[in-house]
Amino acid sequence: MTEKDYSGKKVAFYTLGCKLNFAETSSMARQFEELGFERVEYTDQADVYIINSCTVTAESDKKSRNLIRSAMKRNPDALMMVTGCYAQLKSDEIARFEEVDYVLGSGEKNNITAYINDLQKNHQAIIRVTDHRKIKNFFSAYSYGDRTRTFLKVQDGCNYFCTFCTIPMARGMSRNDSIANTIAEARQIAAKGIKEIILTGVNIGDFGRSTGETFFDLVKALDQVEGIERIRISSVEPNLLTNEIIEFVAESKRIVPHFHLPLQAGSDEVLKLMKRKYTTELFASRVEKIKSLMPDAFIGVDVIAGTNGETDELFAQSYQFIANLDVSQLHVFPYSERPGTFALKIPGKVPVVVRKERVQRYIELSERKHNMFYHSQLGTTRAVLFEHQSKNNRMFGWTDNYVRVEVPYNEELVNCVRTFKLETINNEGHVEGKIIN
């Protein structure tokens, strides 16, 4: 890494996609700040623009291309760097933009400042992309900004190769840092005064594949970190969220009753087409186990609408299965064709208009479930962590089981956990109530 001092220079980031990308962007930004750069908004004039891209959908690819053009209009002499999943999968496509100086793959993120080259623009884009089968390094990362909650990256890559997904090709095989190093990062976070850690990764339940440890080992170790009041497990594959882990969470004072389970389809036939590693029966058993031990737990569910092979009958089956689940919210995505995926070979393409109709039906179901969950919490008292964010002299916070609350702004509450009685739901869909001294 260059030792040149870049004091007075400005760097701007734009992050697309998942929380994992946000954690990585935050860590990349700290690398630039250590060299003297000031981080500014992407809409500001900067000396370096960096897009941390996503390629889950065709829309995210398009947005990356638009962001390249908009930045160069603000400062044509700025260094333009594109990294992330889109850069890994379609480096040649990005390199055709004359404004782009560097296309850096997933394996190059952790050393991004090595490419700034005294801020000299290139005559044509330089591509540095490691084949996904050869990506071995683990880029440790966590988000840091509002001093309240942070996303801690604990795992990267995936070995599952679901038929609709490009992530293994975009991020490589499953890998992680050791538990000892991950705990050391958690202690650094605690020393900054951050109260809540959200674990993030591509397939965090697969933690330990590269170190001979297990995700359960990690969860137990994190539960012992002093100074962190809350840990959210985030998204875990249902086949990897064991009853042993669920039982441990139910007894933990730090790990909160909030789960996110990627289902993708409520039909065993569609799950087979997707090459998912569980059945609807197993998924339902995980939900039942959580609710039996933690009746007030929040459970979010990912679902994809309109994948190839999903007939009207199979969608109806999926919809009914999800409607009968005791879950709190759905994260709904329309199926998006991605080059290189096996799903493209599956017969029975669902028209885009039908995909949109199915998405809307799922969204309406999600809104009903979310509303029911919020109403079920009225009259209860929960621990709320209040955030810096404010609007119209109002501030917000989250209960341990992921209910968003709203109160009049009080600076003394920022980054504090208080016992709160949930009383009413306002027009914005937030819960109001009172702090219990």
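Placed above this text is the structure.
Residues numbered from 1 in each chain as written. Predicted model: local features only at pLDDT ≥ 70, side-chain atom pairs only at ≥ 80, totals over all residues. Heavy atoms only, no water.

A. Fine view of the sheet that holds strand E7 (residues 149-153). Strand order in the open sheet made by the three strands is E7-E8-E9, with parallel pairing throughout. Only two strands of the sheet have a single partner each, and these edge strands are E7 and strand E9 (230-232). The sheet shows a mean angle of 25° between the axes of neighbouring strands, direction not considered. In terms of strand pairing, strand E8 (residues 196-200) meets E9 through three bridges, oriented parallel. Within E9, the residue paired with Ile198 across the bridge is Arg232. Of the strands in this sheet, E7 and E8 touch helix H6 (residues 179-191), which is tilted by about 165° from E7. (Pairing = 2+ DSSP bridges. Helix = DSSP H or I, 4+ residues; strand = E, 2+ residues; numbered from the N terminus. Axes fitted to C-alpha atoms, helices over the stretch in contact; angles between N-to-C directions. Contact = heavy atoms within 4.5 Å.)

B. View of the sheet that holds strand E4 (residues 79-84). Sheet architecture is open: six strands sit in the order E2-E1-E3-E4-E5-E6, paired in parallel fashion. The open sheet has two edge strands, strand E2 (38-40) and strand E6 (126-128), and neither has a second partner. Adjacent strand axes in the sheet meet at a mean angle of 20° when their direction is disregarded. Strand direction decides the pairing type here: strand E3 (residues 48-53) and E4, joined by six bridges, are parallel. Note on E4: the bridge partner recorded for Ile50 is Met81. Lying on the sheet, helix H1 (residues 19-34) is in contact with strand E1 (10-15), E2, E3 and E4; it crosses E1 at an angle near 175°.

C. Up close: the packing of aromatic side chains. Using the criterion set out here, one finds 15 aromatic pairs in the structure. Between the aromatic rings of Phe13 and Phe32, the centroid separation amounts to 5.9 Å while the plane-to-plane angle is 80°, which identifies the pairing as edge-to-face. One end of the pair, Phe13, is in strand E1; the other, Phe32, is in helix H1, and 19 residues separate them in sequence. This pair shows no difference in class: Phe13 is buried, exactly as Phe32 is. For Lys19, the ring lying beneath its charged end belongs to Phe22, and the centroid distance is 5.5 Å. Stacked on the ring of Tyr142, the Lys or Arg Arg30 has its end atom at 4.1 Å from the ring centre. (Phe/Tyr/Trp six-rings, centres within 6.5 Å; stacked < 30°, edge-to-face > 60°. Buried < 20%, exposed > 50% of the residue type's maximum accessible area, 1.4 Å probe, protein only. Lys NZ or Arg CZ within 6 Å of the ring centre and 35° of its normal.)

D. Up close: the pattern of salt bridges. Taken as a whole and judged by the stated rule, the model has 26 salt bridges. In this structure, Arg382 engages Asp400 in a salt bridge whose closest nitrogen and oxygen atoms are separated by 3.0 Å. Of this pair, Arg382 sits in strand E13 (residues 381-391) while Asp400 sits in the loop between strand E14 (394-399) and strand E15 (404-408), and the two are 18 residues apart along the sequence. In this structure, the salt-bridge partner of Arg394 is Glu406, at a minimum N-O distance of 2.9 Å. Of this pair, Arg394 sits in strand E14 while Glu406 sits in strand E15, placing them twelve residues apart in sequence. Classification of Glu406 by relative accessible area gives buried; the value is 10%. Sharing partners across several salt bridges, the network here consists of Glu24, Lys109, Lys153, Asp156, Arg171 and Arg175. (Salt bridge = Lys/Arg side-chain N within 4 Å of Asp/Glu carboxyl O.)

E. Up close: the environment of Thr166. Residue position: Thr166 is located in the loop between E7 and helix H5 (167-171). For Thr166, a relative accessible area of 5% gives the class buried. When the C-alpha atoms of Thr166 and Tyr362 are compared, they prove to be 24 Å apart, with 196 residues separating the residues in sequence.

F. Focus on the side chain of Gln155. With respect to the helices and strands, the residue Gln155 is situated in the loop between E7 and H5. Classification of Gln155 as buried rests on a relative accessible area of 0%. One polar contact links the side chain of Gln155 to the main-chain carbonyl oxygen of Gly157, over a distance of 2.7 Å. Here the side chain of Gln155 touches Ser174 through a polar contact of 3.1 Å, side chain to side chain. Dropping the residues within four chain positions of it, Gln155 is found in contact with Leu20, Phe138, Ser174, Arg175, Asn176, Thr200, Gly201, Val202, Asn203, Ile204 and Phe207. (Polar contact = N/O pair within 3.5 Å; in protein donor to acceptor, adjacent residues only side chain to side chain.)

G. Up close: the environment of Phe139. Here Phe139 shows up in the loop between E6 and E7. By relative accessible area, Phe139 is classed as buried at 7%. Residues Phe139 and Asn111 lie 28 residues apart in sequence; the distance between their C-alpha atoms is 9.0 Å. Beyond its immediate stretch of four places on either side in the chain, Phe139 contacts Glu24, Ser27, Met28, Gln31, Lys109, Asn110 and Lys153.

H. Expanded view of helix H12 (residues 352-377). With 26 residues, H12 should cover 38 Å at 1.5 Å per step; its first-to-last C-alpha distance of 37 Å lies within 8% of that length. Among all positions in H12, only Arg355, Arg358, Val359, Tyr362, Leu365, Ser366, Lys369, Phe373, Tyr374 and Gln377 are buried. Just past H12, the residue Gly379 takes up positive phi, approximately 95°. (Expected span 1.5 Å × (residues − 1).)

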